[in-house]
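Remarks on the overall topology
One-letter residues, chain by chain:
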Amino acid sequence: MQAMRVVVSIPGEPDYDVRIGSGSLDELGSALRRVPGLAKSPQLLVITDANVERLYLGRAMDSLANAGLTASSLVVPAGEGAKSVEVAAEVWDAMAALGLTRDCAVIALGGGVVGDLTGFVGSTFMRGISVVQVPTTLLSMVDSSVGGKTAVNLEAGKNLVGTFCQPVQVCADIATLSTLDEREWTCGLAEAAKSSVISSDDFFFWMVENASAIFGREEELVAELIKRCIVFKAGVVAQDKTESCGVRECLNYGHTLAHAIEALAGYGTYSHGAAVAEGMRFAAFLSQGLVGCEPDLVEAQGALLDELGLPPLGWKADARDILTAMKHDKKARGTGVRFVCIRDIGAWELVSVDDETLLEALEAYYA
Ligand SMILES: NC(=O)c1ccc[n+]([C@@H]2O[C@H](COP(=O)([O-])OP(=O)(O)OC[C@H]3O[C@@H](n4cnc5c(N)ncnc54)[C@H](O)[C@@H]3O)[C@@H](O)[C@H]2O)c1
């Protein structure tokens, strides 16, 4: 497979490359040698989780050593629990004990959890050192490794403490996706489907056409999917780097109901991707009454999600409980619940929906 390169250009930030290839983990060292500043970095620290350590850490370290780079590694527990202030403090202590300086860099080898944690510790240690993202889940390749959001969780909620910090390079080796189980695979597919719906006809209908081969992990198509998602996300982030002017909020399409489902059903009961897919179904349903989305589009989106292994959830709760959970979401602001609605493919709108309208829609959707 021919390796691909996407250049991410965000105003006020240095451009960075996203490299998408198969087997490219073995070229990580030589790729990083070409990143300004990193070739002379006295020390790199690879942060990974216990699952990814077993599978890919050895190859990453060999590649860095073969390129003449000095690197050490640190393993955090696998799972969302590692995105905590406590784990971040342990990593900061380890970075200090290793003698990392301003010209060193951290490398996130893993999924979105490792990526968010590493971005957070890297962007805060000594007021910020370089961060490299080496995503190994589909979700992190299509979404979290690009755009610069970093975070840890608090008791009070997910992602409540974090920074905006763009990486200096992203290296996605799609061969690492072969070890991902179906639950994690479809989590990435849900975010990719979301991007296609809010992006353009071209992306959405390409995804519809290739859905079953993408679900079947056909390499060339998966690489193309990742590229399309990154190009789309980079374009959104370029317009609204710090989620301050409403553009970046489009990436929350499907997430308002998803967060409520995850909270009400209990975290982990459904995968995040399954909840997002259900959230997209509801958002499209709601969009019919609010912004004139055509029923054909609701159906086309539903068919795409089915093909991607994301069928309707079959989960129900009292509409009032769902509304209350939506209002607790940290992204809810002021009165009403802010929904990303779609008028058409690629034509989204932020709508503040009052309680009564939302209750009626939830009742109709779950009837
Ligand atoms: N920063 C952002 O813009 C952004 C965007 C979306 C999501 N996120 C965050 O991303 C996180 C979710 O990321 P995720 O879905 O990648 O979860 P994850 O990082 O927990 O990875 C999922 C599981 O897969 C394992 N794994 C990783 N790579 C593997 C591989 N190649 N083969 C086998 N197993 C592998 C991990 O050890 C873990 O058990 C959440 O914390 C979310 O808040 C951040």
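Parameters and conventions
Residues numbered from 1 in each chain as written. Predicted model: local features only at pLDDT ≥ 70, side-chain atom pairs only at ≥ 80, totals over all residues. Helix = DSSP H or I, 4+ residues; strand = E, 2+ residues; numbered from the N terminus. Rg over C-alpha atoms; globule rule 2.2 N^0.38 Å. Buried ≥ 20, exposed ≤ 12 C-beta atoms within 10 Å, placed from the backbone. Contact = placed C-beta atoms within 7 Å. Domains from an automatic or database assignment. Pairing = 2+ DSSP bridges. Axes fitted to C-alpha atoms, helices over the stretch in contact; angles between N-to-C directions. Expected span 1.5 Å × (residues − 1). Near = placed C-beta within 6 Å. Nonpolar A, V, L, I, M, F, W, Y, C, P; charged D, E, K, R; others polar. Core = buried A, V, L, I, M, F, W, Y, C linked by C-beta atoms within 7 Å. Right-handed = clockwise from strand over helix to strand, strands pointing away.

**Notes on the overall build of the chain**
- Assigned secondary structure in the chain consists of 13 helices and eleven strands.
- Since a compact globule built from 367 residues should have a radius of gyration of about 21 Å, the 20 Å found for the chain is in line with a globular shape.
- With respect to the three principal axes, the spread of C-alpha positions in the chain is 60 × 40 × 35 Å.
- For the chain, the proportion of its 367 residues judged to be buried stands at 47%.
- Considering only contacts in the chain between residues 6 or more positions apart, those separated by 24 or more positions represent 75%.

**Thoughts on the environment of Met280**
- Checked against the element boundaries, Met280 lands in helix 10 (residues 272-291).
- On the basis of neighbour counts, which here come to 28 C-beta atoms within 10 Å, the residue Met280 falls in the buried class.
- Separated by 163 residues in the primary sequence, Met280 and Leu117 place their C-alpha atoms 27 Å from one another.
- Not counting residues within four places of it along the chain, the set of residues in contact with Met280 comprises Lys194, Val197, Tyr253, Gly254, Gln301 and Leu305.

**Observations regarding the domain arrangement of the chain**
- One can read the domain layout of the chain as domain 1 (4-179) and domain 2 (190-366).
- Computed over C-alpha atoms only, the centres of domain 1 and domain 2 are separated by 27 Å.
- Across the contact, 21 residues belong to domain 1 and 20 residues belong to domain 2.
- Mapped by element, the contributors of at least two residues to the side of domain 1 that touches domain 2 are strand 1 (4-8), strand 2 (16-21), helix 5 (138-144) and strand 8 (157-164).
- If you tally residues by element for the side of domain 1 that touches domain 2, the top one is helix 5, at four residues.

**Here's the deal with the sheet that holds strand 6 (residues 130-135)**
- Taking strand neighbours across the sheet as the criterion, the seven strands line up as 1-2-9-6-5-3-4 in an open arrangement whose pairing is mixed. Either end of the sheet is taken by a strand with one partner, and the two such strands are strand 1 and strand 4 (71-76). If you compare each strand with its neighbour and ignore which way they point, the axes differ by 20 degrees on average.
- Of the pairings in the sheet, the one linking strand 3 (residues 44-49) to strand 5 (residues 105-110) comprises five bridges and is parallel in character. By the bridge assignment for strand 5, Ile47 is matched with Ala108.

**What to know about helix 4 (residues 112-124)**
- Compared with the 18 Å implied by 1.5 Å per residue over 13 residues, the 18 Å span of helix 4 between its first and last C-alpha is a close match.
- By the criterion of burial, helix 4 is predominantly enclosed, with twelve of the 13 residues buried.
- Three or more residues of helix 4 are buried, namely Gly112, Val113, Val114, Gly115, Asp116, Leu117, Thr118, Gly119, Phe120, Val121, Gly122 and Ser123.
- Remark: Met126 follows helix 4 within two positions and exhibits a positive phi of approximately 50 degrees.

**Looking at the site of the ligand**
- Of all residues adjacent to the ligand, which total 28 residues, the nearest are Asn51, Gly111, Gly112, Val113 and Ser144.
- Going through the elements one at a time, helix 2 (50-66), helix 4, helix 5 and helix 6 (182-199) are the ones with two or more residues in the shell around the ligand.
- Grouping the amino acids of the shell around the ligand by side-chain chemistry returns eight nonpolar, 13 polar and seven charged.

**Comments concerning the nonpolar core**
- Core analysis: the biggest nonpolar cluster contains 112 residues, and Leu45, Ile47, Ile107, Leu109, Ile226 and Ala283 have the highest contact counts within it.
- Counting the residues that make up this core, at least three belong to each of domain 1 (4-179) and domain 2 (190-366).
- For Leu109, the contacting residues outside a window of four places in its chain are Val46, Ile47, Thr48, Val52, Tyr56, Leu57, Ala60, Val114, Val134 and Thr136.

**Some points on unusual backbone geometry**
- Positive phi values are uncommon outside glycine, yet Arg127 reaches one of about 65 degrees.
- Tracing the sequence through the fold places Arg127 in the loop between helix 4 and strand 6.

**Focus: the pairing of strand 3**
- The buried fraction of strand 3 is high, at six of six residues.
- Here strand 3 shows a buried face lined by Leu44, Val46 and Thr48 and a second buried face lined by Leu45, Ile47 and Asp49.
- For the handedness criterion, the β-α-β arrangement of strand 3, helix 2 and strand 4 is classed as right-handed.

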